[in-house]
Amino acid sequence: MATFWSIIQDIRKKAYTEHDKGTHFERLICNYLKTSKKYEILLKEVWLWNEFPYRKEFGGSDTGIDLVALTKDGHYWAIQCKCYADDTVINKAAVDSFLSTSSRQFVDDNFEQQSFS
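About the thresholds
- Residues numbered from 1 in each chain as written.
- Predicted model: local features only at pLDDT ≥ 70, side-chain atom pairs only at ≥ 80, totals over all residues.
- Heavy atoms only, no water.
- Pairing = 2+ DSSP bridges.
- Helix = DSSP H or I, 4+ residues; strand = E, 2+ residues; numbered from the N terminus.
- Axes fitted to C-alpha atoms, helices over the stretch in contact; angles between N-to-C directions.
- Contact = heavy atoms within 4.5 Å.
- Parallel < 35°, antiparallel > 145°, perpendicular 65-115°, else oblique.
- Left-handed = near helix turned anticlockwise from the far one by under 90°.
- Buried < 20%, exposed > 50% of the residue type's maximum accessible area, 1.4 Å probe, protein only.
- Phe/Tyr/Trp six-rings, centres within 6.5 Å; stacked < 30°, edge-to-face > 60°.
- Arc of directions from axis to C-beta.
- Disulfide = S-S within 2.5 Å.

Visitor: Quick one: what's the story with the sheet that holds strand 3 (residues 76–79), residue by residue and with numbers?
Guide: Taking strand neighbours across the sheet as the criterion, the three strands line up as 1-2-3 in an open arrangement whose pairing is antiparallel. Where the open sheet ends on each side, the last strands, each with one partner, are strand 1 (43–48) and strand 3. Each adjacent strand pair in this sheet contributes to an overall mean axis angle of 20 degrees, direction not counted. Across the sheet, helix 2 (residues 18–35) touches strand 1, strand 2 (67–71) and strand 3, and the angle it forms with strand 1 is around 170 degrees.

Shown next as structure tokens:
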């Protein structure tokens, strides 16, 4: 069975572009959150950003949010995934759009204002 780190290395080797690498990494993390025993008890749903039902309320396609999770107690989590080199330092500029977007509210199917936790 492959380890998490061997899968990461495989993604890094096989990706054609940085965007491709990011897309594969986001899918890996989405699947991990959906299947991990640790998160299975906490999460009701996990979406890639382009699958999130309320994404249109946030405008443009690159908002900085990569995944959204809905907890079993009704809280939404905004998640950003980074598949940078092991020695990379992530600075504020790398997460600015994520911080900005994840602080905004949206309206759910029950017409209730929601925020990310």
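Continuing now.
Visitor: Give a detailed account of the packing of helix 1 (residues 4–14) against helix 2, specifying residues and quantitative values.
Guide: Where helix 1 meets helix 2, the closest approach of the two axes is 8 Å, and the angle between their N-to-C directions is 155 degrees. On the basis of their axis angle, the class for helix 1 and helix 2 is roughly antiparallel. Taken as a pair, helix 1 and helix 2 cross one another with a handedness that is right-handed. Where helix 1 approaches helix 2, its residues Phe4, Ile7, Ile8, Ile11, Arg12 and Lys14 are matched on the opposing element by Asp20, Lys21, His24, Phe25, Leu28 and Ile29.

Visitor: How would you summarise the environment of alanine 69 if you had to cite specific residues and measurements?
Guide: Along the chain, alanine 69 turns up in strand 2. Residue class for alanine 69 comes out buried when judged on its relative accessible area of 0%. It is 9.3 Å that separates the C-alpha atoms of alanine 69 and lysine 34, two residues lying 35 residues apart in sequence. For alanine 69, the residues in contact, after removing those within four places along its chain, are Leu43, Glu45, Val46, His75, Tyr76, Trp77 and Ile79.

Visitor: Outline the packing of aromatic side chains, listing residues and values.
Guide: Per the counting criterion, the structure on display carries 17 aromatic pairs. Taken together, the aromatic side chains of Trp47, Trp49, Phe52, Tyr54, Phe58, Tyr76, Phe106 and Phe116 make up a single cluster linked through ring pairs.

Visitor: Could you give me a rundown of the pairing of strand 3, with the residues and numbers involved?
Guide: Strand residues, when the strand is regular, have side chains that alternate between the two faces of the sheet. Sheet analysis places strand 2 next to strand 3, joined by four bridges and oriented antiparallel. Bridged to valine 68 within strand 3 is alanine 78. Between strand 2 and strand 3, which pair antiparallel and follow one another directly, the connecting turn spans four residues, one of which, glycine 74, has a positive phi of 90 degrees.

Visitor: Quick rundown of helix 4 (residues 92–102)? Include the residues and the values.
Guide: Within helix 4, burial applies to Val95, Phe98, Thr101 and Ser102. Down the axis of helix 4, the smallest arc covering the buried residues is 110 degrees, so these residues share one side. Seen from the open side of helix 4, the exposed residues pointing more than 90 degrees away from its buried face are Lys92 and Ala93. Buried positions along helix 4 lie against strand 3.

Visitor: Describe the state of the cysteines, with residues and values.
Guide: Following the criterion strictly, the structure yields zero disulfides and no others. Between cysteine 30, a free cysteine, and cysteine 81, which holds the nearest cysteine sulfur, the sulfur-to-sulfur gap is 8.4 Å. Residue cysteine 30 is classed as buried on the basis of its relative accessible area, which comes to 3%. According to the relative accessible area criterion, cysteine 81 is buried, its value standing at 11%.

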